[in-house]
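# Fold and geometry: a report
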Amino acid sequence: MIREFYNKNKEISDIHMVMCGTRKVEPDFKMPPHVREYYLIHYVRSGAIILEENKKKHRAVEGDIFIIYPDNLISYHADNGEVDFCWVSFVGNSVEKYLKYAGVTREKPVIHINNTDFEDTVLKLITLFEKNNNPSEIELNSWLLKCFHSIEKSGKSVVKETVNYIDAVLTY
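Criteria and thresholds
Residues numbered from 1 in each chain as written. Predicted model: local features only at pLDDT ≥ 70, side-chain atom pairs only at ≥ 80, totals over all residues. Heavy atoms only, no water. Helix = DSSP H or I, 4+ residues; strand = E, 2+ residues; numbered from the N terminus. Contact = heavy atoms within 4.5 Å. Disulfide = S-S within 2.5 Å. Buried < 20%, exposed > 50% of the residue type's maximum accessible area, 1.4 Å probe, protein only. Phe/Tyr/Trp six-rings, centres within 6.5 Å; stacked < 30°, edge-to-face > 60°. Arc of directions from axis to C-beta. Expected span 1.5 Å × (residues − 1). Salt bridge = Lys/Arg side-chain N within 4 Å of Asp/Glu carboxyl O. Core = buried A, V, L, I, M, F, W, Y, C linked by side-chain atoms within 4.5 Å.

### Some thoughts on the side chain of S154
Secondary-structure assignment places S154 in helix α3 (residues 137-171). In this structure S154 touches H112, I113, N114 and N115, once residues within four positions along its chain are discounted.

Below is the structure:
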């Protein structure tokens, strides 16, 4: 099943949400090679996906996000089972800056996040579209920035756990 919602406002600014949605796919799911005109972050709710980009393969599992950059040839497929994921896509003049703040890089398109905040935020965006077919740009952007914050927050907790581990080993 697929639930997908598009932002009707086409004005591009600092950051602009294009669409969001959820999808549950069968084990034989394949997204053929294609190029997007926008950034797209998927959150794997269950299952696993193999992402192929620039002749490199990456595996994203439950609790991971993977990002698709515009103008890159990309494909992905289910990895031996059903996959449930949600996504949000966006464009704008400041997208690279926000991705950098969140710790997302082109070199590492798959990141494990230690919380469900990203998923919860995308589901809130979907609910917003279901209640109001044309939500305000400010409200959409506030939720989109919460998606970035959930990724940033997760990265900081991983760094903190690593530092604590190193401190514990060094003091032993």
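### Structural notes on the state of the cysteines
Under the counting rule described, the total for this entry stands at 0 disulfides. C20 takes part in no disulfide bond, and the closest cysteine sulfur, belonging to C147, lies 8.6 Å away. Here C147 stays unpaired: no disulfide links it, and the sulfur of C86, its closest cysteine neighbor, is 8.1 Å away. For C147, a relative accessible area of 2% gives the class buried.

### Structural notes on the packing of aromatic side chains
Counted by the stated rule, this structure contains 10 aromatic pairs. Plain terms: the ring middles of Y39 and Y69 are 5.7 Å apart, the flat faces sit at 70° to each other, and that makes the pair edge-to-face. One end of the pair, Y39, is in strand β4 (residues 39-46); the other, Y69, is in the loop between β7 (64-68) and β8 (73-78), with 30 residues separating them in the sequence. Its relative accessible area of 2% is what places Y69 among the buried residues.

### Considerations on helix α1 (residues 95-102)
Listed in full, the buried residues belonging to α1 are V95, Y98, L99 and A102. The arc that holds every buried residue of α1, seen down its axis, measures 100°, which confines them to one face. Residues of α1 that are exposed and angled more than 90 degrees away from the buried face: K100 and Y101. Where α1 terminates, the next one or two residues include G103, which has phi positive at roughly 90°.

### Brief notes about helix α2 (residues 117-131)
In this model, α2 (15 residues) spans 21 Å end to end at C-alpha, consistent with the 21 Å of a helix rising 1.5 Å per residue. Along α2, the residues classified as buried are F118, E119, T121, V122, L125, I126, L128 and F129.

### Regarding unusual backbone geometry
At D71, a residue that is not glycine, the phi angle is positive and equals roughly 70°. Along the chain, D71 falls in the loop between β7 and β8. Phi is positive for N80, which is not a glycine, with a value near 60°. Here N80 lies in the loop between β8 and β9 (83-91). Residue classification places N80 among the exposed residues on the basis of a relative accessible area of 76%.

### A look at the pattern of salt bridges
Evaluation of the coordinates by the stated rule reveals 6 salt bridges. Here K24 makes a salt bridge to E82, at a shortest N to O gap of 3.8 Å. Note that K24 is positioned in strand β2 (residues 16-25) and E82 in the loop between β8 and β9, a separation of 58 residues in sequence. Accessibility expressed as a relative area gives 45% for K24, which makes it partly exposed. A residue is classified by how much of its surface remains accessible, and E82, at 40% relative accessible area, is partly exposed. Put simply, D79 and R59 hold a salt bridge, and the shortest N to O gap is 2.5 Å. Here D79 is found in the loop between β8 and β9, whereas its partner R59 is found in strand β6 (residues 56-61), with 20 residues between them in sequence. Judged by its relative accessible area of 19%, D79 falls in the buried class.

### Thoughts on the nonpolar core
The tendency in soluble globular proteins is for nonpolar side chains to be buried side by side. V88, F90, L99 and F118 are the most contacted members of the largest nonpolar core, which has 31 residues in total. Looking at this core, the elements with two or more residues in it are β2, β4, β7, β9, α1, α2 and α3. Residues M19, F66, F85 and V110 belong to the second largest nonpolar core, which totals 20 residues.

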